[in-house]
Amino acid sequence: MDYVKHALQLLEAKFQREAEVTSRAPGRVNIIGEHTDYNDGFVMPIATDAATYTSAAPRDDRLVRVFSTTMGEQAEFSLDDLQAKGAGHWADYLQGVAWSLGVDKHELRGVDAVIVSDVPAGSGMSSSAALEVSWALAMLGVAGQRHPDKKALALACQRAENEFVGMKCGIMDQLASILGERDSAILLDCWTLEHEAVPLPADALTVVVMDTGKPRQLVGSEYNTRVSQCKAASDALGVRALRDATMEDLEAAKDKMEDIVYRRARHVICEDERVFEVAEALREEDYAHVGDMLNQSHASLKDDYEVSVAELDLICEVARAQEGCYGARLVGAGFGGCAMALVRTEAAEAFAPAVKAEYDRQVDYVSRIFSVKADQGAGLV
Ligand code: ADP
Ligand code: MG
């Protein structure tokens, strides 16, 4: 499906307007580096070929009218009266971005706009960041700013989600959507925001998202507990954040903390190391080793960080048993939701139905399994 064409036609059909700009912002899948972001550590996401598109035409007043095909409804608000509806209403992401761009002194204009997307919402691919980035690019584009600073844009979108929508997400999602490169993963330092591309060629490797169908549970409270346990560990170690500690430091300070805090810190410190090991192995095309690291990441998230559940363990086990699977691990906060697998591209077509059949046979949930490609980051099309 040609999403750009679809968006242009829809803008005409809904508002009888011709688009001045159309933006594209991809979703993301994190290859490795889980629960490291809020420890100022390292992550390695790809931007996906699945993306969110916004087509917009400027208005002469301060009104915003926007239709989202994902939501199947239209929202309206005034740029002079931005008020959150609450409970993560989809228009809050858009109002939040408008507010946040205002904080950065951007002059915006009213628009008629449509949003179309093939990023599945709530499936661990960060549809919210794709929405924010796509919307921000369209709003800035209509205001005559076609090449905004990438990091400032990511930070503005994160601020919108943190402070206007009220979701305390890290910076990875927005940066991944903006900095993505085709056939590459992005090794990203969540503290300095330095980043570099690492080869992840689609002809060799396919990233498969495996949604267990089990809704994420307890995420908020468990997430906050992990954040405070990491803080307790870094305090005991006398470092600003766990990204500044090594396993030697941790072993030396083991007696100064509870065992549970020690194990949480061990996950984070080892996971940061795995990010670099995966980057190195990808450069050397040693995909078996990349897969081992993904499996180790899962084991660490399960045993040390304790954020896995039986369904996530099962879907990863089923995945690993398939021909051509290098490795698999849970992704995101855990307690349900999604896992990912790295699969040899030649084997990818047979992989998805095989995992689905076996997993769905063993549990009451219905899985959704789909492949994504590492694609270029957001921009105007
Ligand atoms: P995810 O993991 O996909 O980011 P979130 O709960 O953070 O899940 O964000 C999903 C929410 O973002 C949706 O409930 C909706 O409010 C908003 N959203 C995402 N994509 C779209 C879209 N294309 N159109 C309108 N709203 C969207
Ligand atoms: Mg989100």
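Residues numbered from 1 in each chain as written. Chains lettered and ligands numbered in written order. Predicted model: local features only at pLDDT ≥ 70, side-chain atom pairs only at ≥ 80, totals over all residues. Heavy atoms only, no water.

**What about the site of ligand 1?**
Just so we agree on the cut-off: Nearness here has a simple test: a residue counts as near a molecule or strand if at least one of its heavy atoms is within 4 Å of that partner. N or O atoms closer than or at 3.5 Å make up a polar contact, with two conditions inside protein: a donor-capable atom paired with an acceptor-capable one, and, for residues adjacent in sequence, both atoms drawn from side chains. Note on areas: these come from Shrake-Rupley sampling with a 1.4 Å probe, and a residue is covered only by the protein chains present in the view. Think of a 1 Å grid over the protein atoms and nothing else: a 1.4 Å probe that fits but is trapped marks a cavity, an open set flanked by protein within 12 Å on at least five of seven lines marks a pocket, and residues with an atom within 4 Å of a point count as lining. Here the criterion for a molecule occupying a pocket or cavity is that more than half of its atoms lie within 2 Å of the pocket grid points. Only DSSP runs of H or I reaching four residues or more are called helices, and only runs of E reaching two or more are called strands; each is numbered from the N terminus. In this classification, Asp, Glu, Lys and Arg are treated as charged, Ala, Val, Leu, Ile, Met, Phe, Trp, Tyr, Cys and Pro as nonpolar, and every other residue, Gly included, as polar.
With respect to spatial proximity, 16 residues lie near ligand 1, and among them Ser68, Thr70, Gly122, Ser127 and Ser128 are the closest. The separation between a nitrogen atom of ligand 1 and a polar side-chain atom of Thr70 is 2.8 Å. Between Ser127 and ligand 1, the recorded distance is 2.7 Å, taken from a side-chain N or O atom to an oxygen atom. Out of a free accessible area of 570 Å², ligand 1 has 82% covered by protein chains. Under a 2 Å grid-point criterion requiring more than half of the atoms, the pocket assigned to ligand 1 is the largest pocket. Residue assignment for the shell around ligand 1 shows that the elements contributing at least two residues are helix 2 (90-103), strand 6 (111-117) and helix 3 (127-142). A total of 3 residues in the shell around ligand 1 trace back to one element, the largest contributor, which is helix 3. Broken down by class, the residue content of the shell around ligand 1 amounts to 6 nonpolar, 9 polar and 1 charged.

**Observations regarding the packing of helix 8 (residues 259-283) against helix 9 (residues 287-303)**
Cut-off, in case you're wondering: Only the stretch in contact is used when a helix axis is fitted, and all axes are lines through C-alpha atoms; the angle between N-to-C directions ranges over 0 to 180 degrees. We call two directions roughly parallel when the angle between them is under 35 degrees, roughly antiparallel when it is over 145, roughly perpendicular when it lies between 65 and 115, and oblique otherwise. In this scheme the handedness of a crossing depends on how the near helix is turned from the far one: anticlockwise by less than a right angle means left-handed, clockwise means right-handed. Two residues form a contact once any of their heavy atoms are found within 4.5 Å.
With their axes 9 Å apart at the nearest point, helix 8 and helix 9 run at an angle of 170° to one another. The angle between helix 8 and helix 9 places the two elements in the roughly antiparallel class. The two elements helix 8 and helix 9 meet at a crossing, and its hand is left-handed. The segment helix 8 lies against helix 9, with Arg263, His267, Glu271, Arg274, Glu277, Val278, Ala281 and Leu282 engaging Tyr287, His289, Val290, Met293, Gln296, Ser297, Ser300, Leu301 and Asp303. Within the contact of helix 8 with helix 9, the residues separate by chemical class into 7 nonpolar, 5 polar and 5 charged.

**Overview of helix 1 (residues 3-15)**
We apply this condition: Helix span is expected to be 1.5 Å times the residue number reduced by one. Think of it in three bands: residues with accessible area under 20% of the maximum for their type are buried, residues over 50% are exposed, and the middle band is partly exposed, with areas taken using a 1.4 Å probe on protein chains only. The arc in question is the one traced by the directions running from the helix axis out to the C-beta atoms.
In a regular helix each residue adds 1.5 Å, so 13 residues correspond to 18 Å; helix 1 covers 18 Å between its end C-alpha atoms and thus fits that length. Among the residues making up helix 1, those that are buried are Tyr3, Ala7, Leu10, Leu11 and Phe15. In a view along the axis of helix 1, the buried residues occupy a sector of 105°, so they form one face of it. Facing away from the buried side of helix 1 by over 90 degrees, the exposed positions are Lys5 and Ala13. Among the structural elements, strand 3 (45-58), strand 4 (63-68), strand 5 (73-78) and strand 6 are those in contact with the buried residues of helix 1. N-capping of helix 1 is provided by Asp2, with a side-chain oxygen placed 3.1 Å from the backbone N of Val4. Looking one or two residues past helix 1, Gln16 carries a phi angle of roughly 50°, positive in sign.

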